[in-house]
Amino acid sequence: MNLREISSLVFIVWLGLLLGAVLKIVAYDNILTGGVGTYILTHAAPELGAENIVTSVLLAYRGLDTLGELTVLFVAITAAGLVLGQRRTDAPSDSDAGFILRTAANLLFPFLIILGTYILLQGHFSPGGVFQGGAILAAAFFVPILASPASPLHHRVSRLVEGLVVATFMIICLLALFSDDAFLALLLGKGSVSQLFSAYSLPLLHIVIGFQIGTAFAGILARLQETEASD
Amino acid sequence: MNGVWLVALPLLGAFVLPMIYRRHTIVGYWTGPVILIINLAIAMGLWQRVSADGTHSIAMGGFPAPVGITFYVDKLALLFAIMVILGTLILWLGKKMGEVREETLLLLIVAGGCGLALSGDLFNIYVFYEIVAVASYGLAASRGTGAGYAASIRFLILSALGSSMLLLGIALIYAMTGTLNLSHLAYLAPQMLNNSVGLVAFALMLIGLGVKAELFPVNTWVPEVYATAPARISALLGGIVSKLALLVVLRLLVLIYADTSAPLLLLSLGILGVITGELAALRSSDLRQVLAYSSIGQLGLVAIAFAIPGPAGIIAGIALALHHALVKPALFMLTEAWGGQLNRLVGAAQVSMLSTLLFIVLALSLVGIPPLPGFLAKFLLLKGALAVENGWYHTAIAVVLIATVIETAYFIRIMRLMFQSKTQQTADAPLMRDLKPALSLVVLLLISVLTVSPISQSLSAIAEEAADKEVYINKTLPSDWHHLEKVEW
Amino acid sequence: MTESAGIIILSYCGAIGLILLGVFAMVMYRHLIRIIFGLMLLEAGVNLFLITIGYRANAVAPILVDGQIPAAAMVDPIPQAMVLTAIVIGVGVQALALALVVKTYQAYRTLDTQELAQKLAKETGVDIIEGTPVYLPSPLAAHKQILEEKST
């Protein structure tokens, strides 16, 4: 046992005791009726007209956090690009995964795209949403890369899509800024509940963010996969 | 202009920068500085507005606090935003052309830093903190050496552990109060957070923010990263980004934990940081490490100052933070040529008198020799700590004085080396490219010597404004949320 | 009511268990990949903790049915939105961590943090006493180094 291990163990025991003590207080008293969450539960539908209240928190009430989350993804991609550097053109790539996997990946592609888009749009009124849909979209692009590493996804295309999606999101935000003097304000009309184009500009933001998350995940994975090949 | 632009403009710039660079390298090179200059102008304009009309808050998306996210624009936030923008702009001087990704990450650090200074929502602060953190991992590894990658991954692991603790602290606060908005928390805190769980939440958040603020137990990344990262990046992280984390701690202390024993926790970490940092600096034999450990010590001083209750502590803390933000980046810029073992500095005075003079002025100011502003900052700290009727603060005074002696010792040792006559080894002369930022920072430092009285007046105005919790609540929180009992909506 | 309180307690215990396991793995293991797995466990634990804070006894998901607010209580939507944000941020950090691990391995052919620290110390002269992220900075080792330099 050296000093570091002892101090680490002390820290872990301290944290465990603290959280255990917190549990006693928090667990029995967690029915908060006056918090912000309760306010949103009762006011989100009349104010915004969105059925999925988590979506309206994510995109409207706490829209800046979502913009920040997209920014973190963008930072992570940029930093990973900086760290991993450019791929050498003559670098060897991983061996091909074989006929069955390749065919299956190609077959899966359209279905994954449809499923991802469906979950993305469905998140407006029911369970599902931007994050889940985006992750499935990323899988759609990444499964073919895994199956045949020699023909990776075209970097240019993915970077273009990424840039366009972020720019669209920023433009929506900026338009909102000028229309209402408030960042991420809601643009379009309210519409009626349970239609796709209701709840102001939420559906637009929804689609844009979903595609952004999808392309960002795919971009990170593709970049990691390329380095491994170049080793 | 709206305060949101301080965050939105560099963000937008970072997103379009790679596209511009692909078309025109020269246009791309100038995009970053132009955005920063516009941002600086916006911040100055806001400063005028705040001095004329008082502070104001901005509700994102038109959702007022506490339901939506709010930005609170006061002089303290603007001062730190200006510090980030101006600091990055100065470090841009003499930068190489074509480093697209570094420049993108720098703009994102500015966006995240301005967000940290302005944001009035705990979870939003966490998100901006992560933006700054992830960008700094990338920049720390940007020299492209194996040592840089290894130091950066070790920094990332410690920092990610800290971020999780920060999120856990925020979760505890939400569990206790049901809100994340700082103004609402400030209203509820005396009843709901003045207990042991509230203090636990503060301790967890302090661990998280302390990683960037170089606070005592979680600062072990500092010497490794500053020894391996490019000088500009060390200057940015040590001189500027670290202060933003301390600003968040200050906001928490003023708004939520004013009447608890939380300041004592920060004070003890600050004292330990000063002692360990200065002792380690005395013992190390590498210029970059001396500066890294001395920055741990200096940030410990800022932490001690922020732990002093009331405006006196805030004045001293801001003065120390600003002074360090001027001096330490300039010193780091000199290490681009002089980094490595201290005995490489032998004969530096003969090789480059200008850089030696710069080093001496900066070191004397850091130690606190009277006409230089470092003296005023330390004096304010001692004055503030003396006024508090508590033994711990008086211990802190003793520690600060001892630390000053140690600082003098190691800087004199370095200066003696510089003036030794050349033997076989010769020191390299710093390049003009790296000296440009250092020179401009020293010019700013000397200007501040000449304008001491207006600066100290405006510092006390900033501190009075920042210490006023009632104004923050009244300007941000709508009156129908001014009740303590839990209401059924 | 007691049954749902039991679920809440169980969920909190799971979250705290995950957090402690994650921190343990991060500070006690020396292998970088294991440390990153520890980070993933820790993040999962914190996210579970957040979700549990928003849980109410016998509550349903916060989604309107036919445009009407359901009769049963709904869970708090804010922690859920926070968790979605935190997951995506976590993914970004982990991706960058893996990128750095790949490059570190290419440079040093090892993922053991203590070996890495020794190699780093040799290369940069940084006095690293222990090989893992959390340790107390100790001037003693630096003192030892200075003594050695004097003796040679």
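Residues numbered from 1 in each chain as written. Chains lettered and ligands numbered in written order. Predicted model: local features only at pLDDT ≥ 70, side-chain atom pairs only at ≥ 80, totals over all residues. Heavy atoms only, no water.

### A short note on the overall build of chain C
On a plain count of helices and strands, chain C comes out with 5 helices and 0 strands. What you see in chain C, going N to C, is helices and strands ordered as α-α-α-α-α. Here chain C, with 152 residues, has 53% of them falling under the buried criterion. Relative to all contacts within chain C whose residues are 6 or more apart in sequence, the contacts with residues 24 or more apart total 48%. When the accessible surface of chain C is split by element, carbon and sulfur atoms take 63% of a total near 6,500 Å². (Helix = DSSP H or I, 4+ residues; strand = E, 2+ residues; numbered from the N terminus. Buried < 20%, exposed > 50% of the residue type's maximum accessible area, 1.4 Å probe, protein only. Contact = heavy atoms within 4.5 Å. Areas by Shrake-Rupley, 256 points an atom, 1.4 Å probe, with all protein chains shown as cover.)

### Section: the packing of helix 16 (residues 373-387) of chain B against helix 17 (residues 391-419) of chain B
Residues and elements named next belong to chain B. Direction vectors running N to C along helix 16 and helix 17 enclose 160°, while the axes themselves pass 8 Å from each other. Here helix 16 lies roughly antiparallel to helix 17, going by the angle between them. For the element pair helix 16 and helix 17, the recorded crossing hand is left-handed. Here Lys378, Leu381, Leu382, Ala385 and Leu386 of helix 16 lie close against helix 17, whose contacting residues are Tyr393, His394, Ile397, Val400, Leu401, Thr404 and Glu407. Here the residues of the contact of helix 16 with helix 17 are counted per class, giving 8 nonpolar, 2 polar and 2 charged. (Axes fitted to C-alpha atoms, helices over the stretch in contact; angles between N-to-C directions. Parallel < 35°, antiparallel > 145°, perpendicular 65-115°, else oblique. Left-handed = near helix turned anticlockwise from the far one by under 90°. Nonpolar A, V, L, I, M, F, W, Y, C, P; charged D, E, K, R; others polar.)

### Some remarks on the interface of chain C and chain B
Contact residues are listed per partner, giving 54 residues for chain C and 46 residues for chain B. A combined buried area of about 4,100 Å² lies between chain C and chain B, and 78% of that area is made up of carbon and sulfur atoms. Where chain C touches chain B, the interface holds 0 salt bridges. The interface formed by chain C and chain B includes 2 residue pairs in polar contact (both at pLDDT 80 or more). The set of elements that each furnish at least two residues to the side of chain C that touches chain B consists of helix 1 (2-28), helix 2 (32-54), helix 3 (77-108), helix 4 (113-124) and helix 5 (139-151) of chain C. The residue makeup of the side of chain C that touches chain B, split by class, is 37 nonpolar, 10 polar and 7 charged. (Buried area = accessible area lost by both parts, 1.4 Å probe. Salt bridge = Lys/Arg side-chain N within 4 Å of Asp/Glu carboxyl O. Polar contact = N/O pair within 3.5 Å; in protein donor to acceptor, adjacent residues only side chain to side chain.)

### Focus on the pattern of salt bridges
Across all of its chains, the model carries 9 salt bridges over all chains by this definition. In this structure, Asp121 of chain B engages Arg62 of chain A in a salt bridge whose closest nitrogen and oxygen atoms are separated by 2.5 Å. Here Arg62 of chain A lies in the loop between helix 3 (53-61) and helix 4 (63-84) and Asp121 of chain B lies in the loop between helix 4 (100-118) and helix 5 (122-140), a pairing that spans two chains. Exposure class is identical for Asp121 of chain B and Arg62 of chain A. Each is buried. Arg143 of chain B is the salt-bridge partner of Glu336 of chain B, the closest N and O atoms lying 3.7 Å from each other. Linking Glu336 of chain B in helix 13 (residues 311-338) with Arg143 of chain B in the loop between helix 5 and helix 6 (146-177), this pair joins segments that are 193 residues apart in sequence. The partly exposed category is assigned to Glu336 of chain B, whose relative accessible area is 29%.

### So, the interface of chain B and chain A
Taken together, the 58 residues of chain B in the interface contact 53 residues of chain A. For the pair chain B and chain A, the two sides together bury roughly 4,800 Å², of which 77% comes from carbon and sulfur. Across the chain B-chain A interface, the total number found is 1 salt bridge. A total of 9 residues in the side of chain B that touches chain A trace back to one element, the largest contributor, which is helix 5 of chain B.

### Some remarks on the confidence of the model for chain C
All names here are of chain C. The predicted model of chain C averages 78 in pLDDT, with 78% of residues at 70 or higher. Per-element confidence in chain C is highest for helix 2, whose mean pLDDT is 92, and lowest for helix 5, whose mean pLDDT is 53. With pLDDT under 50 throughout, residues 128-140 is counted as low confidence; its partners more than four residues away or in other chains account for 43 contacts. The ipTM value of the predicted complex is 0.89, and its pTM value is 0.92. (pLDDT = per-residue confidence, 0-100.)

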